[in-house]
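Survey of secondary and tertiary structure
Take a look at the letters that make up each chain.
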Amino acid sequence: MLVSYRPGWKQTLCRTAFRTALCGAGFAILVLLGAPGWLLVLASAAAGTALAAGLVLHRSLGVVADEEGLRSTTGPRRLHVPWARIADIRAERRRGATVPVVYWDSGAVWRLRAPYDGVGCARDPEFEQKVFALRNLWETRRAWVRAE
């Protein structure tokens, strides 16, 4: 493995807090509507589960760059793109965050889950260096693949 990128602990905490707040808002609506006690217990358990799952799962998102190419660390089908099949790597704005986007030679597009740069506590001060490192690895490795 050459390099591995995952969301930072501040990013994980921020995203998890946001999702837990959404669960809490749903819980508050149930309380205001006078939901029965069993439903409130169920909603509170769901909010706790969302918090725990968010902390664990969001931190496991990421991408690994190795000698063969880029591969995702999670997902139902883990993607793997060889260096020679990558046409370009760019940083683009997507849904309020800046993420690296990998363009394949086939025209397919892969938005990497990490690294990313958002606002507030989702900010990554080293994001530009990370994208530069990915681009540098790609440019170096694709040159080696073509030379062989």
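Residues numbered from 1 in each chain as written. Predicted model: local features only at pLDDT ≥ 70, side-chain atom pairs only at ≥ 80, totals over all residues. Heavy atoms only, no water.

Let's talk about the pairing of strand β3 (residues 69–72)
- As judged from the three bridges shared by strand β2 (residues 63–65) and β3, these two strands associate in the antiparallel manner. Residue V64 lies in a different strand from β3, and its bridge partner there is R71.
- Counting the residues between successive antiparallel strands, the hairpin from β2 to β3 contains three residues.
- Bridge count for β3 against strand β4 (residues 80–82) is three bridges, and the pairing is antiparallel. From the neighbouring strand, L70 faces β4, where its bridge partner is V81. (Pairing = 2+ DSSP bridges. Helix = DSSP H or I, 4+ residues; strand = E, 2+ residues; numbered from the N terminus.)

Focus on the packing of aromatic side chains
- Evaluated as defined, the whole model comprises zero aromatic pairs.
- Here R90 stacks its cationic end above the ring of Y103, 4.3 Å away from the centre of that ring. (Phe/Tyr/Trp six-rings, centres within 6.5 Å; stacked < 30°, edge-to-face > 60°. Lys NZ or Arg CZ within 6 Å of the ring centre and 35° of its normal.)

As for the environment of L13
- Position of L13 among the secondary structure elements: in helix α1 (residues 9–32).
- For L13, a relative accessible area of 47% translates into the label partly exposed.
- Sequence separation between L13 and L51 is 38 residues, and the spatial gap between their C-alpha atoms is 9.4 Å. (Buried < 20%, exposed > 50% of the residue type's maximum accessible area, 1.4 Å probe, protein only.)

Brief notes about the pattern of salt bridges
- All told, the structure shown has nine salt bridges when counted by the stated rule.
- For D88, the salt bridge goes to R90, with nearest N and O atoms at 2.7 Å.
- Note on R90: relative accessible area 41%, which makes it partly exposed.
- A salt bridge links R135 to E139, with the shortest nitrogen-to-oxygen separation between them at 3.1 Å. A residue pair is termed a helical-turn pair when its members lie 3 or 4 positions apart in one helix, as R135 and E139 do in helix α3 (residues 127–147) at four residues. (Salt bridge = Lys/Arg side-chain N within 4 Å of Asp/Glu carboxyl O.)

What to know about the confidence of the model for the protein chain
- On average, residues of the protein chain carry a pLDDT of 79, and 89% of them reach 70 or more.
- Between the elements of the protein chain, mean pLDDT differs from a low of 74, seen in helix α2 (residues 37–60), to a high of 89, seen in strand β5 (residues 86–94). (pLDDT = per-residue confidence, 0-100.)

Points about the layout of surface pockets
- The calculated volume of the largest pocket comes to roughly 600 Å³.
- Listing elements by their share of the lining of the largest pocket, those giving two or more residues are α1 and β6 (97–104).
- A per-element tally of the lining of the largest pocket places α1 first, with five residues.
- Here the residues of the lining of the largest pocket sort into nine nonpolar, three polar and six charged. (1 Å grid on protein atoms, 1.4 Å probe; cavity = no way out; pocket = protein on both sides within 12 Å on 5 of 7 lines; lining within 4 Å. Points joined across faces, edges and corners; volume = space filled by probe spheres on them. Nonpolar A, V, L, I, M, F, W, Y, C, P; charged D, E, K, R; others polar.)

A word on the nonpolar core
- Of all hydrophobic cores here, the largest spans 15 residues; its most connected members are L70, W83, I86, V102 and W110.
- Of all the elements in the fold, those that place two or more residues in this core are β2, β5, β6 and α3.
- Considering every element that reaches this core, the biggest residue donor is α3, with three residues.
- Those residues in contact with I86 that lie beyond four places of it in its chain are L70, V81, V102, Y103, W104 and W138.
- With six residues, the next largest nonpolar core counts V99, Y103, Y116 and A122 among its residues. (Core = buried A, V, L, I, M, F, W, Y, C linked by side-chain atoms within 4.5 Å. Contact = heavy atoms within 4.5 Å.)

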